[in-house]
Amino acid sequence: AYTVGTALTDTAATTVQRAAKRTSFLLAGTMSQGETITLGTTGAVAGDLIKIIRTSTSAQTAALVNGGAGAGTLFTMQASKAGFVVAQFDGTNWLFDMGGTE
């Protein structure tokens, strides 16, 4: 089971941090702009998972970015599609684990 983190508002750029071994975040129901969600490393432990859930079908993309030493975009959620993305922490970086759209 995932621990639910604070819901993400319609903000162009935000950073999320793990709250437990498995943490999930719900992205804003309506997106008025492209979103960039950076996965922070504060308190992260190897094996942690973060899941971002998108219910919005707004014509905007949402990029998931590694906040670890290697940086870089892990996955971009398609515009106009609900979906999800999961990343796993390897002790240094967040790595793409799985993702999909409806």
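It should be noted that the structure appears before, not after, this text.
Residues numbered from 1 in each chain as written. Predicted model: local features only at pLDDT ≥ 70, side-chain atom pairs only at ≥ 80, totals over all residues. Heavy atoms only, no water.

Chemist: What am I meant to see in the overall build of the protein chain here?
Modeler: Broken down by element type, the protein chain carries 0 helices and 9 strands. Beginning at the N terminus, the succession of helices and strands in the protein chain can be written as β-β-β-β-β-β-β-β-β. For the protein chain, whose C-alpha radius of gyration is 12 Å, the value lies close to the compact-globule estimate of 13 Å for 102 residues. For the protein chain, long-range pairs separated by at least 24 residues make up 53% of all intrachain contacts whose partners lie at least 6 apart in sequence. In the form shown here, the protein chain has an accessible surface area of approximately 4,900 Å², with 53% of it arising from carbon and sulfur atoms. In the protein chain, 6 positive and 6 negative side-chain charges are present, and the distance between their average locations comes to 6 Å. (Helix = DSSP H or I, 4+ residues; strand = E, 2+ residues; numbered from the N terminus. Rg over C-alpha atoms; globule rule 2.2 N^0.38 Å. Contact = heavy atoms within 4.5 Å. Areas by Shrake-Rupley, 256 points an atom, 1.4 Å probe, with all protein chains shown as cover. Lys, Arg positive; Asp, Glu negative; His and termini not counted. Charge placed at Lys NZ, Arg CZ, Asp CG, Glu CD.)

Chemist: Help me understand the environment of Gln17 in this model?
Modeler: Take Gln17: it is sitting in the loop between β2 (13–16) and β3 (22–26). Sequence spacing of Gln17 and Thr38 is 21 residues, and the spatial spacing of their C-alpha atoms is 8.8 Å. Polar contacts involving the side chain of Gln17 include one to the main-chain amide nitrogen of Thr41, which spans 3.4 Å. (Polar contact = N/O pair within 3.5 Å; in protein donor to acceptor, adjacent residues only side chain to side chain.)

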